[in-house]
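# Examining the three-dimensional arrangement
So you can see what is in the structure, the chains are spelled out below.
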Amino acid sequence: MNTYTEKFNNSIQNTLFEKLPPQEQNFIREKAFLLHFTHQELKQIIDIARDLGMWNEKSLAEIFPEHTQKKVVFTRLKQAYEALRNTPNSYKNFTPKNIATEQKYTFKTQSKEGFGLGLCPVASEKTRCCNLLTLDAVESCGFDCSYCSIQSFYKQNTITFDSGFAQKLKNLNLDKNKTYHIGTGQSSDSLMWGNREGILDALFLFAKENPNVLLEFKTKSDNIKYFMENAVPSNILCTWSLNTPTIIENEEHLAASLEKRIHAARNLADKGVKVGFHFHPIVEYENYLDEYQEVYEKLLLKFNPQEVVLVSFGTLTFIKPVIKKLRDREFRSKITQMPFEDASGKSSYPHATKVEMFKHAYESFAPWHKSVFFYLCMEEHGMWKDAFGYQYWTNNDFEHAMLHAYCKKMGMDYLM
Ligand code: SF4
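Anyway, here's the lowdown on the structure attached to this text. All of these numbers come straight from a predicted model, not from anything done at the bench.

### Quick look at the packing of helix 2 (residues 22-35) against helix 3 (residues 39-54)
It is at 12 Å that the axes of helix 2 and helix 3 come closest, and there the two elements cross at 150 degrees. Comparing their axes, helix 3 and helix 2 come out roughly antiparallel. Viewed along their axes, helix 2 and helix 3 form a crossing whose handedness is right-handed. Residues Glu-24, Ile-28 and Ala-32 of helix 2 form the contact with helix 3, whose participating residues are Leu-42, Ile-45, Ile-46 and Ala-49. Its residues placed into classes, the contact of helix 2 with helix 3 shows six nonpolar, no polar and one charged.

Here it is as structure tokens:
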């Protein structure tokens, strides 16, 4: 076996080469034997081919430069790839592929070590953070949002309930003289499972017995049956993650439609439950600002600011394991087809793009600025000034301002 054959076969180990369509494998093999790519170059070419397939863009062969010198070929290939990555996406000719159309899971109930209450898993001192505490009532989510990092933490399609959850919640010994902001909805969707395994019974009882806890249920579901059928403690807040229909249809698979989410929020607000809205991630694509504007205006029309506690904005930030997981999946998504810039160790949009989207979002809600709490989630300190015109100097200042506003709107005493 000649040396390059051996080198080639070793280089494609632990890459996604075998997952490429046969004609693409043959194309890469032919070019590799012609130009003798190194292991690193081959890995990058294979990832480029995977991305182009996932983005539903031209194939590797279509953008592959014709030249005899490897260095020139590799440089021009990367330029062509970056050009596709940096062009604002269009979902016009995009057809999702291998997208689950129905929810299929295995449910597991087992006694779990420890108790899933802790600081928000994505909080950091590098970003201006609200010190949210997150409570993992359920592990893994039944929706399949392409950008979500949960997919890299849990085995998808296995939904795990903690058989000791209710008891652990009951035994939780919190300081009665302090206000806690606790959110469920980080490790799974807060409402989609309803009261399965008695999780809502336990959480409602917890809220009742701990009036100093502001308990936030975050969701992309319209499953509000339990909330409509039971008295909802006044320290419970329900918040919906919203997006444009374009992103919901193409990237938030199995989750409720925009209309269903807004309708569910409207029903709970009619029942006197305080609501809130998260636009996270705001995604840049062709004509995105106008499409988001339509959603913002819908909320301004359908809700009275006295019913709404918060509106938050955030955008895509990727950690390497999620990008690896996405490349490994056999589906189509345009979610990583974006210009990447470092954002506190993660990959996100360039600063200017984020200022554009956040400024537009905040200004679109001008009528609510004095009566609803607005915040940026997981953004660098300076982004606040650039997008909102003001900023908090510490995470504690941010948390303080948030809880003060939330408690006032919820009719709760703010205990510091
Ligand atoms: S700002 Fe966002 S990331 Fe930071 S702690 Fe709050 S919820 Fe978590």
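### Focus: the pairing of strand 9 (residues 213-219)
Buried residues dominate strand 9, accounting for six of its seven residues. As paired strands, strand 8 (residues 180-184) and strand 9 are joined by five bridges and run parallel to one another. When the sheet's bridge partners are listed, Ile-182 is paired in strand 9 with Leu-215. At this point the chain moves from strand 8, through helix 8 (residues 199-209), to the parallel strand 9, and the crossover so formed is right-handed. Two elements, strand 9 and strand 10 (residues 236-241), share five bridges in a ladder whose sense is parallel.

### Focus on the pattern of salt bridges
Per the stated rule, a full pass over the model turns up 22 salt bridges. Note that Glu-66 and Lys-31 form a salt bridge whose closest N and O atoms lie 3.5 Å from each other. Placement of Glu-66 in the loop between helix 4 (60-63) and helix 5 (70-86) and of Lys-31 in helix 2 is noted, with a sequence separation of 35 residues between them. For Glu-307, the salt bridge is made with Arg-266, and the minimal N-O distance between the two is 2.6 Å. With Glu-307 in the loop between helix 12 (288-302) and strand 13 (308-315) and Arg-266 in helix 11 (residues 258-270), this residue pair connects regions lying 41 residues apart in the sequence. In this pair, the class of Glu-307 matches that of Arg-266, namely buried. Here the salt bridges share partners, and the residues they tie into one network are Lys-43, Asp-47, Asp-51, Glu-82, Arg-85 and Arg-327.

### What about the sheet that holds strand 12 (residues 274-282)?
Here eight strands make up an open sheet; going across it, the order is 2-4-8-9-10-12-13-17 and the pairing mixed. Strand pairing shows two members of the sheet lacking a second neighbour, strand 2 (117-119) and strand 17 (373-376), which therefore form its edges. Within the sheet, the average angular offset between the axes of one strand and its neighbour, ignoring direction, is 25 degrees. Relative to strand 13, strand 12 is paired through six bridges, and the arrangement is parallel.

### What to know about the packing of helix 12 against helix 14 (residues 351-364)
Following both chains from N to C, one finds helix 12 and helix 14 inclined at 25 degrees, their axes separated by 9 Å at the closest point. In terms of axis orientation, helix 12 runs roughly parallel to helix 14. Considering how the two elements wind past one another, helix 12 and helix 14 form a crossing that is right-handed. In this structure, helix 12 uses Tyr-288, Leu-289, Gln-293, Tyr-296 and Leu-300 to contact helix 14, whose residues at the interface are Thr-353, Glu-356, Met-357, His-360, Ala-361 and Ser-364. Residue composition of the contact of helix 12 with helix 14, grouped by class: six nonpolar, four polar and one charged.

### A short note on the environment of Thr-87
Following the sequence through the fold, Thr-87 ends up in the loop between helix 5 and strand 1 (106-110). C-alpha separation for the pair Thr-87 and Phe-204, spaced 117 residues apart in sequence, amounts to 47 Å.

### Considerations on the pairing of strand 17
Neither face of strand 17 is open: one carries Phe-373 and Tyr-375, the other Phe-374 and Leu-376, and all of them are buried. Here strand 13 pairs with strand 17 via four bridges, running parallel. Along strand 17, the bridge assignment pairs Phe-313 with Leu-376.

### Points about the sheet that holds strand 14 (residues 317-318)
Read from one edge of the open sheet, three strands run 14-16-15, paired in antiparallel fashion. The two strands at the open ends of the sheet, each matched to only one other strand, are strand 14 and strand 15 (341-343). Bridge analysis of strand 15 against strand 16 (residues 346-348) gives three bridges, and the strand direction is antiparallel. Across the sheet, residue Glu-341 finds its bridge partner in strand 16, namely Ser-348.

### Considerations on empty space enclosed by the protein
Evaluation of the coordinates by the stated rule reveals one cavity of 30 Å³ or more. Its boundaries defined by the atoms lining it, the largest cavity holds a volume of some 80 Å³. In terms of lining residues, the largest cavity is bounded by 15 residues, among which Ala-137, Val-138, Thr-184, Asp-189 and Ser-190 are the most central. Tallying contributions element by element places helix 8 first for the lining of the largest cavity, with three residues.

Calculation notes
Residues numbered from 1 in each chain as written. Predicted model: local features only at pLDDT ≥ 70, side-chain atom pairs only at ≥ 80, totals over all residues. Heavy atoms only, no water. Axes fitted to C-alpha atoms, helices over the stretch in contact; angles between N-to-C directions. Helix = DSSP H or I, 4+ residues; strand = E, 2+ residues; numbered from the N terminus. Parallel < 35°, antiparallel > 145°, perpendicular 65-115°, else oblique. Left-handed = near helix turned anticlockwise from the far one by under 90°. Contact = heavy atoms within 4.5 Å. Nonpolar A, V, L, I, M, F, W, Y, C, P; charged D, E, K, R; others polar. Buried < 20%, exposed > 50% of the residue type's maximum accessible area, 1.4 Å probe, protein only. Pairing = 2+ DSSP bridges. Right-handed = clockwise from strand over helix to strand, strands pointing away. Salt bridge = Lys/Arg side-chain N within 4 Å of Asp/Glu carboxyl O. 1 Å grid on protein atoms, 1.4 Å probe; cavity = no way out; pocket = protein on both sides within 12 Å on 5 of 7 lines; lining within 4 Å. Points joined across faces, edges and corners; volume = space filled by probe spheres on them.

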